[in-house]
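Spelled out, the chains give:
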Amino acid sequence: MRTALSEWTKLRTTASLWWTTALFIVFGVGFIGVFAVLTKKNQEADVPAVMAASDAASGIQQIGLIILIIQAIMVVTSEYRFNFIATTFQTTPNRTYVAFIKWLVYAVFAAILTFLCLVASLSIAKGILPDSPFKLTDNDVVRLMWALPLEAVLVVTFAMAVAWLVRQTAGAVSIVLIWYLVLESLLVIVPKVGPKIHGYMPFVNLNAFYTKTDVPDIAWGYNGSLLYFIAWAVGLFVIGVVLLNRRDA
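The structure displayed is predicted, hence computed values, not measured ones. (Residues numbered from 1 in each chain as written. Predicted model: local features only at pLDDT ≥ 70, side-chain atom pairs only at ≥ 80, totals over all residues. Heavy atoms only, no water.)

Novice: What is the right way to read the overall build of the protein chain from this model?
Specialist: Scanning the protein chain for helices and strands turns up 11 helices and zero strands. Secondary structure of the protein chain in N-to-C order comes out as α-α-α-α-α-α-α-α-α-α-α. What you see for the protein chain is a C-alpha radius of gyration of 20 Å, in line with the 18 Å of a compact globule of 249 residues. For the protein chain, the C-alpha atoms occupy an extent of roughly 70 × 50 × 30 Å along the three principal directions. Roughly 12,800 Å² of accessible area belongs to the protein chain as shown, and the carbon and sulfur atoms make up 68% of that amount. A gap of 13 Å separates the mean positions of the 17 positive and 13 negative side-chain charges of the protein chain. (Helix = DSSP H or I, 4+ residues; strand = E, 2+ residues; numbered from the N terminus. Rg over C-alpha atoms; globule rule 2.2 N^0.38 Å. Areas by Shrake-Rupley, 256 points an atom, 1.4 Å probe, with all protein chains shown as cover. Lys, Arg positive; Asp, Glu negative; His and termini not counted. Charge placed at Lys NZ, Arg CZ, Asp CG, Glu CD.)

In structure tokens form, the structure reads like this:
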């Protein structure tokens, strides 16, 4: 418990956390509010202005997750940058426990932040565009309310795993963002090999779970895609922790 309180104190007293969290709220909630207002303003006569629930969540899913990736990496690498990690391990010699608590504290923060901003985005969209074809109690919307925070936690796990492997902010951020935004998309255009391995990429499968769309030519459905990504994230995290225990602080 003391380790968790210590990690939470370090997290909440970091200015960069709150600045990036503000960006998360701006893009996740504020952007959708502005978009809803413009949609209503530009609606045609006798045609109701509407917004789908997935569109209301798009700011969080497309931009917010990038911010969470950066935050998650900095939770790990900032201590290496400022040479605090040795002090952390002197206070709590069990490095595996430290890594787990860091992950747990930030994962809970990311999940709560994602959930609250998602509810706010959906409520604002529905309030401004009351004819939108969804209610907060619809099954699809309820699924969105737990699936998106779960996606946030899994992306955070993946990002922190890379951070433990690399231990440097710029390098870890570059690796994860290039992988997340560019690499898997480019694989499709690689002759012969690309299309065959594209469906086995982790973020392709995570997105399949989120959108409830099966990955083509893959044996498992979108629920299996969730388990596949979990295997990737947990596997990388375990490797990162193993190296953490073997390397010098």
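Alright, that's what it looks like, and here's the rest.
Novice: Looking at this model, I keep getting lost on the packing of aromatic side chains. Mind explaining?
Specialist: Ring pairs (aromatic) are described by centroid distance and by the angle formed between their planes. This model, assessed by the stated rule, comprises 15 aromatic pairs. Arranged with centres 5.9 Å apart and planes meeting at 35°, the rings of tyrosine 106 and phenylalanine 109 form a pair that is tilted. Of this pair, tyrosine 106 and phenylalanine 109 are both found in helix α6 (residues 95-128), three residues apart, which corresponds to roughly one turn of the helix. Overall, tyrosine 106 belongs to the buried group, its relative accessible area being 1%. A centroid spacing of 4.9 Å and a plane angle of 25° characterise the contact between tryptophan 220 and tyrosine 228, whose relative ring orientation is stacked. Overall, tryptophan 220 belongs to the partly exposed group, its relative accessible area being 26%. In this structure an aromatic cluster arises from ring pairing among Phe158, Trp179, Tyr180, Phe203, Phe229 and Trp232. Sitting over the face of the ring of phenylalanine 209, arginine 143 holds its NZ or CZ atom 4.8 Å from the ring centroid. (Phe/Tyr/Trp six-rings, centres within 6.5 Å; stacked < 30°, edge-to-face > 60°. Buried < 20%, exposed > 50% of the residue type's maximum accessible area, 1.4 Å probe, protein only. Lys NZ or Arg CZ within 6 Å of the ring centre and 35° of its normal.)

Novice: Hey, could you run me through helix α4 (residues 58-81) in this one?
Specialist: An α-helix turns once per 3.6 residues; consequently, residues spaced three or four apart project the same way. For α4, which comprises 24 residues, the first-to-last C-alpha distance of 33 Å matches the rise-based estimate of 34 Å (1.5 Å per residue) to within 8%. A bend of about 40° at glycine 64 is the largest found in α4. Counting buried positions along α4 gives 19 out of 24 residues, so the element sits mostly inside the fold. Looking one or two places after α4, you find asparagine 83, whose phi comes out positive at around 60°. (Expected span 1.5 Å × (residues − 1). Bend = angle between axes of the 7 residues up to and from the residue.)

Novice: How do you make sense of the nonpolar core when you look at a structure like this?
Specialist: Counting 71 residues, the largest nonpolar core has Leu68, Tyr106, Leu122 and Phe158 as its most contacted members. Of the residues forming this core, the biggest block, 16 residues, is contributed by helix α7 (residues 139-166). The residues contacting leucine 122, other than those within four sequence positions of it, are Ala53, Ala56, Phe134, Leu136, Val141, Leu144 and Met145. Counting six residues, the second largest nonpolar core, distinct from the first, contains Leu187, Ala208, Val215 and Ile218. (Core = buried A, V, L, I, M, F, W, Y, C linked by side-chain atoms within 4.5 Å. Contact = heavy atoms within 4.5 Å.)

Novice: What is the right way to look at the UniProt feature "transmembrane region" (unreviewed entry) in the protein chain in this model?
Specialist: Under the UniProt annotation, "transmembrane region" (unreviewed entry) lies at residues 16-39, 59-82, 103-124, 144-166, 173-193 and 226-244. Between the end C-alpha atoms of residues 103-124 there is a gap of 31 Å, over a span that is 100% helix and 0% strand. The distance from the first to the last C-alpha atom of residues 144-166 is 33 Å, and the span holds 100% helix and 0% strand. (UniProt positions renumbered as here; feature names shortened; annotations may be inferred.)

Novice: Explain α7 here, please?
Specialist: Counted at 1.5 Å a residue, the expected span for α7 with its 28 residues is 40 Å, and the 41 Å between its end C-alpha atoms agrees. Where burial is concerned, most of α7 is hidden: 21 out of the 28 residues are buried. One or two residues past the end of α7 sits arginine 167, with phi positive at roughly 65°.

Novice: Got a minute to help me understand the side chain of glutamate 151 in this structure?
Specialist: Residue position: glutamate 151 is located in helix α7. We note that glutamate 151 is buried and unpaired, the nearest opposite charge coming from arginine 143 at a distance of 8.4 Å. If near-sequence neighbours (up to four positions away) are discounted, glutamate 151 is found in contact with Gln61, Leu65, Leu206 and Tyr210. (Salt bridge = Lys/Arg side-chain N within 4 Å of Asp/Glu carboxyl O.)

Novice: Would you explain the pattern of salt bridges in this entry?
Specialist: It is possible for side chains of opposite charge to pair when their charged atoms get near one another. The tally for this structure, following the rule as stated, stands at five salt bridges. We note a salt bridge from glutamate 7 to lysine 10, for which the minimum N-O separation is 2.9 Å. Of the two residues, glutamate 7 and lysine 10 both sit in helix α1 (residues 2-12), three residues apart, roughly one turn of that helix. By relative accessible area, glutamate 7 is classed as buried at 6%.

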